[in-house]
Amino acid sequence: MKRILLLTVLVSVLISCSAKKQMESAISHGNYDQAISEALRKLENNKNKKRKQDYIALLKEAYYKALDEDLETIKQLKKDGNPEQFKTIYTIYTDLEARQQAIKRVMPLKINGKTLKLKFNDYSADIVDYRYKTSDYLINQGIALLDSNDKLNARKAHEIFTYIEQINPNFEENRNLIKEAHYKGIDYVLVSIENQTDQIIPQRLEADLLDFNTYGLNQFWTTYHARPDDSLDYDFAMQLQLKQINISPERVNERQLLREKEIVDGWEYDLDRHGNVRKDSLGNDIKIDKIVTVKARFLEVLQTKSAQVIADVVYKDLKQKQILDTFTIDSGFVFENIFGKFSGDKRALNKEDRDLLRARQVRFPSNEQMVFDTGEDLKLQLKDIISSYRINRS
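Quick notes on the rules
- Residues numbered from 1 in each chain as written.
- Predicted model: local features only at pLDDT ≥ 70, side-chain atom pairs only at ≥ 80, totals over all residues.
- Heavy atoms only, no water.
- Helix = DSSP H or I, 4+ residues; strand = E, 2+ residues; numbered from the N terminus.
- Rg over C-alpha atoms; globule rule 2.2 N^0.38 Å.
- Buried < 20%, exposed > 50% of the residue type's maximum accessible area, 1.4 Å probe, protein only.
- Contact = heavy atoms within 4.5 Å.
- Areas by Shrake-Rupley, 256 points an atom, 1.4 Å probe, with all protein chains shown as cover.
- Lys, Arg positive; Asp, Glu negative; His and termini not counted.
- Charge placed at Lys NZ, Arg CZ, Asp CG, Glu CD.
- Pairing = 2+ DSSP bridges.
- Phe/Tyr/Trp six-rings, centres within 6.5 Å; stacked < 30°, edge-to-face > 60°.
- Expected span 1.5 Å × (residues − 1).
- Core = buried A, V, L, I, M, F, W, Y, C linked by side-chain atoms within 4.5 Å.
- Patch = residues over 30% accessible without salt bridge, like charges linked within 9 Å, V, L, I, M, F, W, Y side chains within 5 Å.
- Salt bridge = Lys/Arg side-chain N within 4 Å of Asp/Glu carboxyl O.
- pLDDT = per-residue confidence, 0-100.
- Axes fitted to C-alpha atoms, helices over the stretch in contact; angles between N-to-C directions.
- Parallel < 35°, antiparallel > 145°, perpendicular 65-115°, else oblique.
- Left-handed = near helix turned anticlockwise from the far one by under 90°.
- Nonpolar A, V, L, I, M, F, W, Y, C, P; charged D, E, K, R; others polar.

1. Thoughts on the overall build of the chain
Moving on, step 1. Of the regular secondary structure elements, the chain holds 10 helices and 8 strands.
Moving on, step 2. In terms of C-alpha radius of gyration, the chain reaches 40 Å, well past the compact-globule figure of 21 Å for 394 residues.
Moving on, step 3. Its C-alpha atoms give the chain principal-axis dimensions of about 120 × 85 × 30 Å.
Moving on, step 4. Burial statistics for the chain: of 394 residues in total, 37% are counted as buried.
Moving on, step 5. Partitioning the contacts of the chain with sequence separation of at least 6, the portion at a separation of at least 24 is 73%.
Moving on, step 6. On the chain, roughly 24500 Å² of surface is accessible, and the fraction owed to carbon and sulfur atoms is 48%.
Moving on, step 7. Averaging the positions of the 62 positive and the 61 negative side-chain charges in the chain gives two centres separated by 9 Å.

Structure, rendered in structure tokens:
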């Protein structure tokens, strides 16, 4: 037991030394917040233990070095006077406040028996000041981008307005600007189907494929329309070009199987060699199972019919009048029905045979129905393409 206790203490000391070295290395490389985070993690529990003294000392060192560095950076940025730096100054002030609050959560701390006193500042006025300066500067930048009537610029404006909303909710009707930027940044894609086969496709299949409400695939910056909106100037087109429709003949395949089984078919008396019924110890007649072999011929019937639709999904840039990408879809559907018939003794059949006897022959689906059923797989593949494809704006 003493050996185990000694090993436990030794491991604890080694871990402590390793953590201390990591913090010292972080400080020496200027990674002060990393060192502070590690110190705070170590001081979450048992902060008054003697072995925690080194962490407190390192926390103090890292805090003041981080503080001096941040305040010096702010001083230089303010001196520069470039409004582009307002966001950086605001971020540093919020980081200063967050660092103080994190340290306050483990206070009070004692080092060498004395309560540690750290210098904490009130940054609230500076945070408010630069929050408004940042918001005011960025909102004008975003509006300029929005007024350019360029979709990529509208998306950049949306990013700016979203950031403003995070730091300064609804600053100068910023929420309306977010909506406007989103509207102006959307790519509208017109979807159509072109039947390039020599066959007529079911109207309900075309309607089903173009029912984008069932896809749920509109992306944040991309909206698909199956029905054109005359008020919109479409940017892109996505065309489903049906290339081939292949339908197999109706096939009926039969397989005949011989079933044979030994079963108990009643009983009979156990006779001795003289033809007399044997008796048990109580004087009762002895009866034995009568085993018979039963046979049947089982006919397994399989009905099959298949359909295949091959199509291309073509993305076009309507403004540049060029094809962006083409994807090929090979979609299929197989109709299958299996049932059974037999002749002979039904008792020779197994469970699977009996299950097939309950099935019946059915009418083959029409070619139109086969093509429509193939459309389910076609739609799933189309959905995968739309959900994974991202239109690349140059």
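2. Notes on the pairing of strand β3 (residues 187-195)
Moving on, step 1. Two elements, β3 and strand β4 (residues 222-225), share 4 bridges in a ladder whose sense is parallel. Residue pairing across strands places D187 opposite T222, the latter belonging to β4.
Moving on, step 2. In the sheet, β3 pairs with strand β5 (residues 236-247) via 7 bridges, with the strands oriented parallel. Across the sheet, residue I193 finds its bridge partner in β5, namely L240.

3. Concerning the packing of aromatic side chains
Moving on, step 1. Applying the stated criterion across every chain yields a total of 12 aromatic pairs.
Moving on, step 2. Taken together, a centroid distance of 5.8 Å and an interplanar angle of 70° make the contact between Y132 and F171 edge-to-face. Taken as a pair, Y132 in helix α5 (residues 124-146) and F171 in the loop between α6 (151-167) and α7 (174-185) lie far apart in primary sequence, 39 residues in all.
Moving on, step 3. Accessibility expressed as a relative area gives 9% for F171, which makes it buried.
Moving on, step 4. Look at Y315 and F327: their rings are 6.4 Å apart centre to centre, the planes differ by 90°, and that puts the pair in the edge-to-face class. With a gap of 12 residues between them, Y315 in strand β7 (residues 287-317) and F327 in strand β8 (residues 322-344) connect regions that are remote in the sequence.

4. Focus: α5
One turn of an α-helix holds 3.6 residues; hence residues three or four places apart share an orientation.
Moving on, step 1. Compared with the 33 Å implied by 1.5 Å per residue over 23 residues, the 32 Å span of α5 between its first and last C-alpha is a close match.
Moving on, step 2. Residues of α5 that are buried include every one of I127, Y130, R131, T134, S135, L138, I139, G142 and L146, and no others.
Moving on, step 3. Here the buried face of α5 lies against α3 (53-80), α4 (86-104), α6 and α7.

5. Some details on the nonpolar core
Moving on, step 1. Residues I36, L59, Y93 and F161 are the most contacted members of the largest nonpolar core, which totals 49 residues.
Moving on, step 2. At 10 residues, the largest contribution of residues to this core is made by α3.
Moving on, step 3. For F161, the residues in contact, after removing those within four places along its chain, are I139, G142, I143, L146, N174, L177, I178 and A181.

6. Digging into a nonpolar patch on the surface
Moving on, step 1. Among the surface-exposed residues, W267, Y269 and L271 lie close enough to one another that they form a single nonpolar patch of about 320 Å² accessible area.
Moving on, step 2. In this structure, W267 sits in strand β6 (residues 251-269).

7. Structural notes on the confidence of the model for the chain
Moving on, step 1. Residues of the chain with pLDDT of at least 70 account for 94%, and the chain-wide mean is 89.
Moving on, step 2. Low confidence marks residues 4-15, where pLDDT is under 50. Its contacts with residues over four positions away, or in another chain, come to 1 contact.

8. Quick notes on the packing of α5 against α6
Moving on, step 1. Across the interface, α5 lies against α6 with an axial gap of 8 Å and an inter-helix angle of 160°. Taken as axis vectors, α5 and α6 run roughly antiparallel relative to one another. Seen along the crossing, α5 lies across α6 with a hand that is left-handed. Touching R131, T134, S135, L138, I139, Q141, G142, I143, L145 and L146 of α5 are N153, A154, K156, A157, I160, F161, Y163, I164 and I167, all from α6.
Moving on, step 2. Its residues placed into classes, the contact of α5 with α6 shows 12 nonpolar, 5 polar and 2 charged.

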